[in-house]
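So the chains spell out like this:
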Amino acid sequence: MNKGTAWVIGASSGLGLATAEAFAADGWLVVSGARRFGAPLPSTPAAGRLHTLPLDVTVPASRAAFVDAALAISPRVDALIYCAAVLVLGPCEHTGVQEYERVMQTNFLGLVSMVNAALPIMRTQGQGKLILFSSINGLLGIPYQSAYTASKHAMEGYAECLAMETARFGIQVCLVEPGDHRGGSQHTRLHAACADADNPYAASCQTALGVIHRDETGGLPPQMLGQKVVRNANRKRMRFRLRVAKPDQHLAVLLHKLLPARLNFRILTDYYGKGGNT
Ligand SMILES: NC(=O)c1ccc[n+]([C@@H]2O[C@H](COP(=O)([O-])OP(=O)(O)OC[C@H]3O[C@@H](n4cnc5c(N)ncnc54)[C@H](OP(=O)(O)O)[C@@H]3O)[C@@H](O)[C@H]2O)c1
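All of these numbers come straight from a predicted model, not from anything done at the bench.

Colleague: Residues and numbers for the nonpolar core, please.
Modeller: Membership of the largest hydrophobic core comes to 70 residues, with the highest contact counts inside it found for Ile-9, Leu-80 and Ile-81. Of all the elements, helix 1 (residues 14-25) adds the most residues to this core, at seven residues. Excluding residues that lie within four positions of it along the chain, Ile-9 makes contacts with Gly-33, Leu-55, Val-57, Ile-81, Tyr-82, Cys-83, Ala-84 and Met-114.

Colleague: I'd like to hear about the site of the ligand, residue by residue, with values.
Modeller: Inspection of the region around the ligand gives 31 residues, with Gly-10, Gly-14, Arg-35, Ala-85 and Gly-183 positioned closest. Of the residues belonging to the shell around the ligand, the class tally is 11 nonpolar, 15 polar and five charged.

Colleague: Any details on the confidence of the model for the protein chain? Residues and values, ideally.
Modeller: With 97% of its residues at a pLDDT of 70 or more, the protein chain shows a mean pLDDT of 94. Per-element confidence in the protein chain is highest for strand 4 (residues 79-82), whose mean pLDDT is 99, and lowest for strand 8 (residues 189-191), whose mean pLDDT is 81.

Colleague: Account for the sheet that holds strand 3 (residues 50-54), with residues named and values stated.
Modeller: The parallel open sheet is built from seven strands, whose spatial order is 3-2-1-4-6-7-9. Looking at strand neighbours, the two that pair on one side only are strand 3 and strand 9 (241-244), the edges of this open sheet. With strand direction ignored, the average angle separating the axes of adjacent strands in the sheet is 15°. On top of the sheet, helix 3 (residues 60-73) reaches strand 1 (5-9), strand 2 (29-34) and strand 3; it is set at about 155° to strand 3, its chief contact.

Colleague: Could you give an account of the pairing of strand 7 (residues 171-178), with specific residues and numbers?
Modeller: Burial analysis of strand 7 places eight of its eight residues in the buried class, the great majority of the element. Summarising the sheet, strand 6 (residues 128-133) and strand 7 pair through six bridges and their orientation is parallel. Bridge assignment links Leu-132 to a residue of strand 7, and that residue is Leu-175. This β-α-β element, strand 6 to helix 5 (residues 146-166) to strand 7, shows right-handed connectivity. Across four bridges, the pairing between strand 7 and strand 9 is parallel. Looking across to strand 9, one finds that Pro-178 is bridged to Val-244.

Colleague: Explain unusual backbone geometry to me, using residue names and the numbers behind them.
Modeller: In this model, Tyr-144 sits at a positive phi of 70°, which is unusual for a non-glycine residue. Looking at where Tyr-144 falls in the secondary structure, it is placed in the loop between strand 6 and helix 5.

Colleague: Residues and numbers for the packing of helix 1 against helix 7 (residues 222-234), please.
Modeller: Viewed as axis vectors pointing N to C, helix 1 and helix 7 meet at an angle of 50°, and their least axial separation amounts to 8 Å. Here helix 7 runs oblique to helix 1, going by the angle between their axes. For the pair helix 1 and helix 7, the sense of crossing is right-handed. Of the residues in helix 7, those touching helix 1 at Gly-14, Leu-15, Ala-18, Thr-19, Glu-21, Ala-22 and Phe-23 are Pro-222, Gln-223, Leu-225, Gly-226, Gln-227, Val-229 and Val-230. Residue classes in the contact of helix 1 with helix 7 are distributed as eight nonpolar, five polar and one charged.

Colleague: So, helix 5: which residues are in play, and what are the values?
Modeller: Taking 1.5 Å per residue as the helical rise, helix 5 with its 21 residues ought to reach 30 Å, and the 30 Å between its terminal C-alpha atoms agrees with that figure. Residues of helix 5 that are buried: Ser-146, Ala-147, Tyr-148, Thr-149, Ala-150, Ser-151, Lys-152, Met-155 and Ala-159. The elements touched by buried residues of helix 5 are strand 5 (87-89), helix 4 (97-125), strand 6 and strand 7.

The rules behind each value
Residues numbered from 1 in each chain as written. Predicted model: local features only at pLDDT ≥ 70, side-chain atom pairs only at ≥ 80, totals over all residues. Core = buried A, V, L, I, M, F, W, Y, C linked by C-beta atoms within 7 Å. Buried ≥ 20, exposed ≤ 12 C-beta atoms within 10 Å, placed from the backbone. Helix = DSSP H or I, 4+ residues; strand = E, 2+ residues; numbered from the N terminus. Contact = placed C-beta atoms within 7 Å. Near = placed C-beta within 6 Å. Nonpolar A, V, L, I, M, F, W, Y, C, P; charged D, E, K, R; others polar. pLDDT = per-residue confidence, 0-100. Pairing = 2+ DSSP bridges. Axes fitted to C-alpha atoms, helices over the stretch in contact; angles between N-to-C directions. Right-handed = clockwise from strand over helix to strand, strands pointing away. Parallel < 35°, antiparallel > 145°, perpendicular 65-115°, else oblique. Left-handed = near helix turned anticlockwise from the far one by under 90°. Expected span 1.5 Å × (residues − 1).

Pasting the structure below:
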């Protein structure tokens, strides 16, 4: 007997994969979607509960095929966990509108479409949990991550509206706000032009990218995050915000709330501009 059915979207690598595995290990039936999955997991009881389906969240026909195939595996959706994201790194001035569109299509509009696919099923069930992977970048800006930051800020505002509108149907919403975690596959990471030496942002952008890379590779383990997401999903009343980060990133969020904007900008600009050594 499964604990429930969870759709995990963007589950072929990093935090999504760890979260899908954690739900399966906890006894949920998991239907995960992504564009390309690696080798199947070794055959264990948990792996037997983990189904993988092809899904490109930016393509309507792919989303519809995923929903049909998922409902053929299980007619329920007790939890939808949305982890799919791409990251564009580069200065605002040299990040083109097409790059912003690409990030919004995957990180925000794909999310909206998948939530809209799950909501009628959850309303009929009279219950459901929508677990949306935001980021610390959903709460504050970081230099050279404007497209990603914009998409995560959009998600934060959307989730508040969603939580208020759907509570009457027994539906709960959670924003997962990870700080740096190991994960982040290279094929979902796009660089806007900034390497060119003539580019006025080149030196500062390259330094910031080095800090971002260093902080992620030294980040928290994805498995721990997956287990925390499962524990929250198992609660009768989920926490709306689940922030999982190192103490310095919790502090950055607190300072962002308390300090004047210009002081915050100076702290973050120094951190990313001096190679993370402030
Ligand atoms: N790692 C961190 O430090 C960190 C920090 C804060 C927040 N987060 C958030 O956590 C989530 C996972 O991040 P991650 O670092 O683990 O990244 P990741 O390893 O790059 O995983 C991204 C996932 O999104 C999927 N994806 C991308 N485009 C897709 C599309 N068009 N259709 C379907 N799936 C798509 C990828 O699968 P395919 O490419 O196979 O489709 C992959 O499974 C993201 O929402 C991210 O914003 C991560």
